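Close look at the chain arrangement
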Amino acid sequence: MSWRDLDEGDVRVRPSRKGSRPRTKERPAHADAVVAMVIGVDRGRYTCLIPKGSLGRKEPERVVTAMKAREIGRTRVVVGDEVALVGDLAGGPDALARIVRIEERRSVLRRTADDTDPYERIIVANADQLVIVTALADPEPRPRMVDRCLVAAYDADLEPLLALTKADLVDSSGFLASYAPLEVEHVVTSWRDGEFSGLDELRARLSGKVSVLVGHSGVGKSTLVNGLVPGALRATGVVNDTTGRGRHTSTNAVALRLRGPDGSDDGWVIDTPGIRSFGLAHIDVERIIDHFPDLAAGTENCPRGCTHDEEECALDAWVAEGHAGPAGASRLASLRRLLASRAGEEH
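Note that the coordinates shown come from a computational prediction; the quantities given were computed from them, not determined experimentally. (Residues numbered from 1 in each chain as written. Predicted model: local features only at pLDDT ≥ 70, side-chain atom pairs only at ≥ 80, totals over all residues. Heavy atoms only, no water.)

Glancing now at the overall build of the protein. What the protein contains, in helices and strands, is eight helices and 15 strands. Scored against the burial criterion, the 347 residues of the protein give a buried share of 44%. Long-range pairs, those at least 24 residues apart, make up 63% of the contacts in the protein with a sequence separation of at least 6. With the model as given, the accessible surface of the protein reaches about 19,800 Å², and the carbon-plus-sulfur share is 47%. (Helix = DSSP H or I, 4+ residues; strand = E, 2+ residues; numbered from the N terminus. Buried < 20%, exposed > 50% of the residue type's maximum accessible area, 1.4 Å probe, protein only. Contact = heavy atoms within 4.5 Å. Areas by Shrake-Rupley, 256 points an atom, 1.4 Å probe, with all protein chains shown as cover.)

Here it is as structure tokens:
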């Protein structure tokens, strides 16, 4: 074919390297998106619960699997988040929706790997209460861990609750005396001969709230969850006789619905994997003392710039005079240990 035989239909236009269509920075509003609660996260897949009536007046609640849309970027989606979904919301085994927006969070519980790690990890979002689970024996209680969890709860504006397990092995009064000045709510539980003591009281404390359970491995956290939510089937383990540590049995966070005596919805309990440490690098050192309310009032007479670990610190006299209660000395030691760790002086 010669050039004389060509016409306008044979002309080929090479597209621009930037694309043949103008791009826009405006993102779709997704006004038709449906808001759901994230109840599970597993390797980039998010299990979301769409409430009853969200897809129509007669539509029941449904569970769908979703992935993050590109516009979410690297923002982490966690259990407890309320997210906007579009796409296939049928909820079948092959359905896959997209998360296009994370709704504003009411609260965020964070921790870091240690006190010098700059990378903070969001544990859960939109919780009302932090349940600090600790065993009274087997493994031995770790008051320093409890102190750290309390600081994290106060900083996140969560209501703390101490859940003590294995009370059939050791009396709880000695441990609770350390936290009496804080007036922290507590529940004492035990499991013996097939009887679960204290479970009804714990269920009453969780009623109507979104509660996240935190504790190190082997303290009986999953046992509590299985008692609170029949059918949860959370794996349980045993404590190593040599190390005194528990084995990780829960590998991912999951939100489980609580039911009232009549079967009605009665809140949520979020089970989290057992933790070895609870870093507080995301909390300013200056604010940590504010989260020890039994000691904070004693700093009024401290010299300017006091780091609370010096001889001139007024806290020593405050504790010696008994203002911080019988556990004042151990609480002060815990505060100073935490401050030193945050400053990178202790690992």
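On to helix H1 (residues 143-155). Think of an α-helix as turning once every 3.6 residues; residues three or four places apart then point the same way. Along its 13 residues, H1 runs 18 Å from first to last C-alpha, staying within 8% of the 18 Å computed at 1.5 Å per residue. The complete set of buried residues in H1 reads Met145, Val146, Asp147, Arg148, Cys149, Leu150, Val151, Ala152 and Ala153. Downstream of H1 by a residue or two, aspartate 157 has a phi angle that is positive, lying close to 60 degrees. (Expected span 1.5 Å × (residues − 1).)

Here strand E2 (residues 45-50) runs beside strand E3 (residues 62-68); their pairing, made up of five bridges, is antiparallel. Bridged to leucine 49 within E3 is valine 63. Where E3 meets strand E5 (residues 97-102), three bridges bridge the pair, whose relative direction is parallel. What sits directly across from lysine 68, in E5, is isoleucine 99. (Pairing = 2+ DSSP bridges.)

This brings us to the confidence of the model for the protein. Within the protein, residue pLDDT values average 85, and 85% of them lie at 70 or more. Averaged pLDDT values for the elements of the protein fall to 80 in helix H5 (residues 285-288) and rise to 97 in strand E13 (residues 210-214). Scored below 50 in pLDDT, residues 237-249 shows 24 contacts in the model against residues more than four places distant or in partner chains. (pLDDT = per-residue confidence, 0-100.)

Orientation of helix H3 (residues 199-206) relative to helix H4 (residues 221-228), taken along the N-to-C sense of each, is 80 degrees, at an axis distance of 10 Å. It follows that H3 is roughly perpendicular to H4 by the angle criterion. Residue-level inspection shows Leu199, Leu202, Arg203 and Leu206 of H3 in contact with H4, the latter providing Leu224, Gly227 and Leu228. Of the residues contributing to the contact of H3 with H4, the split by class is five nonpolar, one polar and one charged. (Axes fitted to C-alpha atoms, helices over the stretch in contact; angles between N-to-C directions. Parallel < 35°, antiparallel > 145°, perpendicular 65-115°, else oblique. Nonpolar A, V, L, I, M, F, W, Y, C, P; charged D, E, K, R; others polar.)

This next bit is on helix H8 (residues 328-342). With 15 residues, H8 extends 21 Å from end C-alpha to end C-alpha; this agrees with the ideal 21 Å at 1.5 Å per step. The complete set of buried residues in H8 reads Gly328, Arg331, Leu332, Ser334, Leu335, Leu338, Leu339, Ala340, Ser341 and Arg342. Elements in contact with the buried residues of H8: H1, H5, helix H6 (293-296) and helix H7 (315-320).

So, about a negative patch on the surface. A cluster of like negative charges, contributed by Asp309, Glu310, Glu311 and Glu312, occupies part of the molecular surface. Note that glutamate 310 resides in the loop between H6 and H7. (Patch = residues over 30% accessible without salt bridge, like charges linked within 9 Å, V, L, I, M, F, W, Y side chains within 5 Å. Salt bridge = Lys/Arg side-chain N within 4 Å of Asp/Glu carboxyl O. Lys, Arg positive; Asp, Glu negative; His and termini not counted. Charge placed at Lys NZ, Arg CZ, Asp CG, Glu CD.)

To continue, consider the UniProt feature "binding site: Zn(2+)" (unreviewed entry) in the protein. Under the UniProt annotation, "binding site: Zn(2+)" (unreviewed entry) lies at Cys302, Cys306, His308 and Cys313. In this fold, cysteine 306 is placed in the loop between H6 and H7. Mapping cysteine 313 onto the fold places it in the loop between H6 and H7. What cysteine 313 contacts, discounting residues up to four positions off in sequence, is Cys302, Cys306, His308 and Arg336. (UniProt positions renumbered as here; feature names shortened; annotations may be inferred.)

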